Amino acid sequence: MRRMIGFALASGLAMLVAGCAGQGGGEKFPSGPGDTTSAATRSNVPAATRNFNLAVKCPGVHWEKTHGWSNSQIMQQESLDEADIPACEQWVAAQPKGYVPPPPPGTVAAKPATPPAGGGPAPTKQ
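Residues numbered from 1 in each chain as written. Predicted model: local features only at pLDDT ≥ 70, side-chain atom pairs only at ≥ 80, totals over all residues. Heavy atoms only, no water.

Glancing now at the overall build of the protein chain. When you go through the protein chain residue by residue, the secondary structure sums to 5 helices and 0 strands. Beginning at the N terminus, the succession of helices and strands in the protein chain can be written as α-α-α-α-α. By residue count, 11% of the 126 residues in the protein chain fall in the buried class. Intrachain contacts of the protein chain at a sequence separation of at least 6 include 49% that bridge at least 24 residues. (Helix = DSSP H or I, 4+ residues; strand = E, 2+ residues; numbered from the N terminus. Buried < 20%, exposed > 50% of the residue type's maximum accessible area, 1.4 Å probe, protein only. Contact = heavy atoms within 4.5 Å.)

Bringing the state of the cysteines into the picture now. This structure, assessed with the given rule, holds 1 disulfide. The partner cysteine of C58 in its disulfide is C88, sulfur to sulfur 2.1 Å. Disulfide C58-C88: torsion about the S-S bond near -70°, hence left-handed. Here C58, found in helix α3 (residues 47-66), pairs with C88, found in helix α5 (residues 84-94); they are 30 residues apart in sequence, far enough to count as distant. We note that C58, like C88, is buried. (Disulfide = S-S within 2.5 Å.)

Moving on to the side chain of E78. Within the secondary structure, E78 sits in helix α4 (residues 71-78). Salt bridges are absent for the buried E78, whose nearest opposite-charge side chain, K57, sits at 5.5 Å. Every residue in contact with E78, bar those within four places of it in the chain, is listed here: K57, G60, V61 and E64. (Lys, Arg positive; Asp, Glu negative; His and termini not counted. Salt bridge = Lys/Arg side-chain N within 4 Å of Asp/Glu carboxyl O.)

The next point concerns the packing of aromatic side chains. The full count for this structure, using the stated rule, is 1 aromatic pair. Both rings, one in W63 and one in W69, keep their centres 6.4 Å apart while their planes meet at 70°; by these two values the pair is edge-to-face. For W63, a relative accessible area of 46% puts it in the partly exposed group. (Phe/Tyr/Trp six-rings, centres within 6.5 Å; stacked < 30°, edge-to-face > 60°.)

Inspection of α5 places D84, I85, C88 and V92 among the buried residues, and these make up the whole buried set. Viewed along the axis of α5, the buried residues span an arc of 100°, placing them on a single side of the element. Turned more than 90 degrees from where α5 packs its buried face, Q90, A93 and A94 sit exposed. (Arc of directions from axis to C-beta.)

Time to look at the confidence of the model for the protein chain. Here the protein chain shows a mean pLDDT of 73. Residues at 70 or above account for 60%. Of all the helices and strands in the protein chain, helix α2 (residues 38-43) carries the lowest mean pLDDT, 50, while α4 carries the highest, 90. Here residues 27-32 is a poorly scored stretch, pLDDT under 50, and it has 2 contacts once near neighbours within four places are set aside; other chains count. (pLDDT = per-residue confidence, 0-100.)

Before going further, it helps to examine unusual backbone geometry. Of note, S79 is a non-glycine position whose phi angle comes to about 60°, a positive value. Relative to the elements of secondary structure, S79 occurs in the loop between α4 and α5.

Structure representation (structure tokens):
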């Protein structure tokens, strides 16, 4: 029984190694197609996607700036470049008060909350 379990584990490991070997590698991380830097990410996406990403991240960047976070903290938290921080501040300043970014394409927006039945104002204490 021990041999059977050992054989099964060895076979699984061999299959795992064989599967990973077919993916390439041996290069210094992160280079090539797996590059995860924000510059590489931006160069591979359309402008609409980048604008949507900024629309999602910029309110957070604005909040962090108003609460005294440093640029390096913001860049680490939001995965942005330093040049994106002033762009976010300009983006936030250009938005109307109470602006909420639209949902990404292909998703269904949530319906707004309906007012309670009756339609009248809430009773007040006198």
